[in-house]
Amino acid sequence: MKFSFCRTSIAGMALSGVLSFSSCTVFDTPEIREPDEMTVQILSFQDAKANIRIESHCHNQNGIGFTFKGGELDLMLDSFKLGRAIIDTSFKVAAHSDFMVPIQLTIDAAEMGKTNMDFTKGVNVTVDGKMKGSAFGINRELPIHYEKKHTINLILPYKL
């Protein structure tokens, strides 16, 4: 009788622990840590549209690793909306580590050219969206917000 009471108590504590663990935050949104000069690679031009790629510098400040499972981001330079990037890649991120997230999107280069932004003097970069990740079998969708002034280094696909 005493033995079955212990089993019930242990099972109850285990269930309580699992419920508590699954309801608490497993990991926080990683930090975006872009250098002051942000590199933007122009992959191609077609019909006044530019396909660009940014390797976003991020840091997992959490004490656990997780699997990055993509996301959606809205990007702006000053008040100009670059567009929405859908990130459909998946990779493992170690605890307390730096990692890169590839962001690719198509922008309206003709419209952006009308803004007369001076990338060498700096523009305000704003990123809003969400990322998906999982740790210990628990999937989470986390909000992302980033805002900082950067100079922009454009890398063209060919020599001028």
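What comes next is a walk through the structure.

Now for the side chain of Thr 126. With respect to the helices and strands, the residue Thr 126 is situated in strand β8 (residues 123-135). The class for Thr 126 is buried, based on a relative accessible area of 11%. Aside from chain neighbours lying at most four places away, what touches Thr 126 is Asp 74, Leu 75, Met 76, His 145, Tyr 146 and Glu 147.

Attention now goes to the nonpolar core. Judged by nonpolar contacts, the single largest core of 35 residues is most densely connected at Leu 75 and Ile 103. Of all the secondary structure elements, the ones that give two or more residues to this core are β2 (37-46), β3 (49-60), β4 (66-77), β5 (80-87), β7 (97-108), β8 and β9 (138-155).

Turning to the pattern of salt bridges, a few remarks are in order. If you walk through the whole model with that rule in mind, you get nine salt bridges. A salt bridge links Arg 53 to Glu 55; its shortest N-O distance comes to 2.5 Å. By relative accessible area, which is 28% here, Arg 53 ends up partly exposed.

When β4 meets β5, the two strands line up antiparallel, connected through seven bridges. By the bridge assignment, Leu 77 is partnered in β5 with Phe 80. Between β4 and the antiparallel strand that follows it, β5, lie two residues; Asp 78 among them carries a positive phi value of about 50°.

Here we take up the side chain of His 150. Inspection of the secondary structure assignment puts His 150 in strand β9. According to the relative accessible area criterion, His 150 is buried, its value standing at 1%. A polar contact of 2.8 Å, which involves the side chain of His 150, links it to the backbone oxygen of Pro 35. One polar contact links His 150 to Tyr 146, side chain to side chain, over a distance of 2.7 Å. Setting aside anything within four residues of it in sequence, one finds His 150 in contact with Glu 34, Pro 35, Asp 36, Met 38, Phe 119, Gly 122, Val 123 and Val 125.

What follows concerns empty space enclosed by the protein. Picture a little ball the size of a water molecule; that probe, rolled over the atoms, points out where space is still empty. The full count for this structure, using the stated rule, is one cavity of 30 Å³ or more. Taken as a whole, the largest cavity spans an internal volume of roughly 210 Å³. Lining the largest cavity are 21 residues, and of these Ile 32, Ser 56, Cys 58, Leu 73 and Ile 103 sit closest to its centre. Broken down by secondary-structure element, the contributors of at least two residues to the lining of the largest cavity are β3, β4, β7, β8 and β9. When residues of the lining of the largest cavity are assigned to their parent elements, the largest contribution, four residues, is made by β8. Considered class by class, the residues forming the lining of the largest cavity number 17 nonpolar, two polar and two charged.

It is worth spelling out the packing of aromatic side chains at this point. If you walk through the whole model with that rule in mind, you get four aromatic pairs. Relative to Phe 66, the ring of Phe 27 lies with its centre 4.9 Å away and its plane at 10°, an arrangement referred to as stacked. With Phe 27 in the loop between α1 (2-23) and β1 (31-32) and Phe 66 in strand β4, this residue pair connects regions lying 39 residues apart in the sequence. For the pair Phe 27 and Phe 66, one class covers both residues: buried. Relative to Phe 91, the ring of Phe 68 has its centre 4.9 Å away and its plane inclined at 20°; by these criteria the two rings are stacked. Of this pair, Phe 68 sits in strand β4 while Phe 91 sits in strand β6 (residues 91-93), and the two are 23 residues apart along the sequence.

Thresholds applied
- Residues numbered from 1 in each chain as written.
- Predicted model: local features only at pLDDT ≥ 70, side-chain atom pairs only at ≥ 80, totals over all residues.
- Heavy atoms only, no water.
- Helix = DSSP H or I, 4+ residues; strand = E, 2+ residues; numbered from the N terminus.
- Buried < 20%, exposed > 50% of the residue type's maximum accessible area, 1.4 Å probe, protein only.
- Contact = heavy atoms within 4.5 Å.
- Core = buried A, V, L, I, M, F, W, Y, C linked by side-chain atoms within 4.5 Å.
- Salt bridge = Lys/Arg side-chain N within 4 Å of Asp/Glu carboxyl O.
- Pairing = 2+ DSSP bridges.
- Polar contact = N/O pair within 3.5 Å; in protein donor to acceptor, adjacent residues only side chain to side chain.
- 1 Å grid on protein atoms, 1.4 Å probe; cavity = no way out; pocket = protein on both sides within 12 Å on 5 of 7 lines; lining within 4 Å.
- Points joined across faces, edges and corners; volume = space filled by probe spheres on them.
- Nonpolar A, V, L, I, M, F, W, Y, C, P; charged D, E, K, R; others polar.
- Phe/Tyr/Trp six-rings, centres within 6.5 Å; stacked < 30°, edge-to-face > 60°.

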